[in-house]
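If you want the building blocks of each chain, they are given just below.
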Amino acid sequence: MKKITVLAGRGAAVPVREGDQVAIVNVSGTQVVDFWCLPVSSPQEYLSLEHCREVLSKIYFTPGDVLISNLYAPVFDYVADTTGGLHDTLIAPCNPEMYRKFGRAADHPSCAGNFWSAVRSAGLAIPFVPSPWNLFMRARVKEDGSIEYARPPFFPDGRVALRMRCDATIIVSACPDDCYPTNGGDGSPRDFVIEISRAGAG
């Protein structure tokens, strides 16, 4: 098994292969993880939450679901979850413009910035930031249509397990958001871990 630690407030690009088992581990139990997946089959293909919501007819995905790309192709199986699910699928990644709105410093790290850094490091060419799957983030849609933000449920070492349906690059960000009440026990970012079990290993 390969383990990758993603540092607080930072991002990473992780290559994976069809059949790989991938777990995103919330070591602290408080960290939101912005998650993207870019299949290698096309430079313009990406895990599309819009298409997933359409095909699955729901805004919260559950184990057993197959998540798809903007080309309606299977990307991975959502295999298991020890954190209660309800991971946000609606909210955009934090970005420099958001932090300027809140009066933060110009060099405040962001998930959008981490996405672009990871794309460059992986030599990819996607020209925009897709909507992320905001793992461990709670942004509940209430009956009146409003959104209620909350801290992640406290499940130290809680994990989301996936099985890849294609070769791809996973891009992740340990969200540094300290503006909305969604990240961390006190709003500060923490490290998290990605575990990869290679297809056919052992």
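Scroll up to find the structure this text is about.
This structure is a prediction, so every number in the text was calculated from the model and none was measured. All chains use their own residue numbering, which begins from 1 and follows the written sequence. It should be noted that, the model being predicted, local features are given only for residues of pLDDT at least 70 and side-chain atom pairs only at 80 or more, the latter also being counted only at that level, while totals for whole chains, interfaces and linings use all residues. Excluded from the side-chain calculations are hydrogens and water; all other atoms, namely the structure's heavy atoms, are used.

Asker: Is there a simple way to think about the side chain of aspartate 65 in this case?
Answerer: Structurally, aspartate 65 is set in the loop between helix H1 (49-56) and strand E5 (66-68). Contacts are residue-level and defined by heavy atoms, with any inter-residue pair within 4.5 Å sufficient. With residues near it in sequence (within four places) discarded, aspartate 65 still touches Leu56, Lys58, Phe76, Asp77 and Tyr78. Note on conventions: DSSP H or I runs of at least 4 residues are helices, E runs of at least 2 residues are strands, and numbering of each starts at the N terminus.

Asker: Help me understand unusual backbone geometry in this model?
Answerer: Of all residues except glycine, most have a negative phi; of all peptide bonds, most are trans. The backbone phi angle of leucine 86 is positive, close to 60°, even though this residue is not glycine. Locating leucine 86 in the fold gives a position in the loop between strand E6 (74-81) and helix H2 (96-101). In the Ramachandran plot, phenylalanine 136 falls in the positive-phi region, its phi being about 70° despite a non-glycine side chain. Checked against the element boundaries, phenylalanine 136 lands in the loop between strand E7 (133-135) and strand E8 (138-141).

Asker: Quick question: what am I supposed to make of the packing of aromatic side chains here?
Answerer: Each aromatic ring pair is specified by the distance between its two centres and by the angle formed by the two planes. Here a pair means two rings of Phe, Tyr or Trp (six-membered ring of Trp) with centres within 6.5 Å. Their orientation is stacked below 30 degrees between planes, edge-to-face above 60, and tilted elsewhere. In the structure shown here, the tally under the stated rule is 10 aromatic pairs. When the ring of phenylalanine 35 is compared with that of tryptophan 133, the centres are 6.1 Å apart and the planes differ by 85°; the resulting orientation is edge-to-face. Of this pair, phenylalanine 35 sits in strand E4 (residues 33-39) while tryptophan 133 is found in strand E7, placing the two residues 98 residues apart along the sequence. Neither phenylalanine 35 nor tryptophan 133 differs from the other in exposure class; each is buried. A simple rule labels every residue: compare its accessible area, found with a 1.4 Å probe on the protein chains alone, to the largest value its type can have, and call it buried under 20%, exposed over 50%, or partly exposed in between.

Asker: I keep staring at the environment of aspartate 107 and nothing clicks. Help me out?
Answerer: When you line up the elements, aspartate 107 lands in the loop between H2 and helix H3 (111-122). Relative accessible area serves as the criterion here: at 66%, aspartate 107 is assigned to the exposed category. The spatial distance from the C-alpha of aspartate 107 to the C-alpha of proline 96 is 8.1 Å, given a sequence separation of 11 residues.

Asker: Sorry if this is basic, but what is going on with the pattern of salt bridges here?
Answerer: When their charged atoms lie close together, side chains carrying opposite charge are able to pair. Just to be clear on terms, a salt bridge is a Lys or Arg side-chain nitrogen sitting within 4 Å of an Asp or Glu carboxyl oxygen. All chains considered together, the criterion is met by nine salt bridges. Aspartate 20 is the salt-bridge partner of arginine 198, the closest N and O atoms lying 2.6 Å from each other. Note that arginine 198 is positioned in the segment after strand E12 (192-197) and aspartate 20 in the loop between strand E2 (11-16) and strand E3 (21-26), a separation of 178 residues in sequence. Overall, the relative accessible area of 0% leaves aspartate 20 in the buried class. Salt-bridge contacts for glutamate 148 lead to arginine 140; the nearest nitrogen and oxygen are separated by 2.9 Å. Among the residues examined, glutamate 148 registers a relative accessible area of 35% and is labelled partly exposed. Salt bridges sharing partners connect three or more residues here, namely Lys3, Arg159 and Glu195.

Asker: Looking at this structure, I do not really get the sheet that holds E7. What am I missing?
Answerer: By definition, the strands of a sheet pair up through backbone hydrogen bonds, in either a parallel or an antiparallel sense. What makes two strands pair is DSSP finding at least two bridges between them. Read across the sheet, four strands follow the order E2-E11-E4-E7 without closing on themselves; strand pairing throughout is antiparallel. Edge strands, defined here as strands with exactly one partner in the open sheet, are E2 and E7. Adjacent strand axes in the sheet meet at a mean angle of 25° when their direction is disregarded. By the bridge criterion, three bridges tie E4 to E7 in an arrangement that is antiparallel. For aspartate 34, the partnering residue across the bridge sits in E7 and is asparagine 134. An axis is simply a line fitted to the C-alpha atoms; with a helix, the fit covers only the stretch in contact. Between two such axes, the angle follows the N-to-C directions and lies from 0 to 180 degrees. Contacting E2, E4 and strand E11 (168-174), H3 crosses the sheet at an angle of about 145° to E11.

Asker: In this structure, what is going on with the nonpolar core? I would like to understand it.
Answerer: Side chains of nonpolar character tend, in soluble globular proteins, to be buried together. Residues grouped as a nonpolar core are buried Ala, Val, Leu, Ile, Met, Phe, Trp, Tyr and Cys residues, joined through side-chain atoms within 4.5 Å. Of all hydrophobic cores here, the largest spans 33 residues; its most connected members are Phe35, Phe76 and Trp133. The greatest single-element share of this core, amounting to four residues, is contributed by E11. With 18 residues, the next largest nonpolar core counts Met98, Cys111, Ala118 and Ile171 among its residues.

Asker: What's the story with the environment of valine 119 in this structure? I'm lost.
Answerer: With respect to the helices and strands, the residue valine 119 is situated in helix H3. Overall, the relative accessible area of 3% leaves valine 119 in the buried class. Sequence spacing of valine 119 and alanine 13 is 106 residues, and the spatial spacing of their C-alpha atoms is 7.1 Å. If sequence neighbours within four positions are ignored, valine 119 has contacts with Leu124, Ile126 and Ile171.

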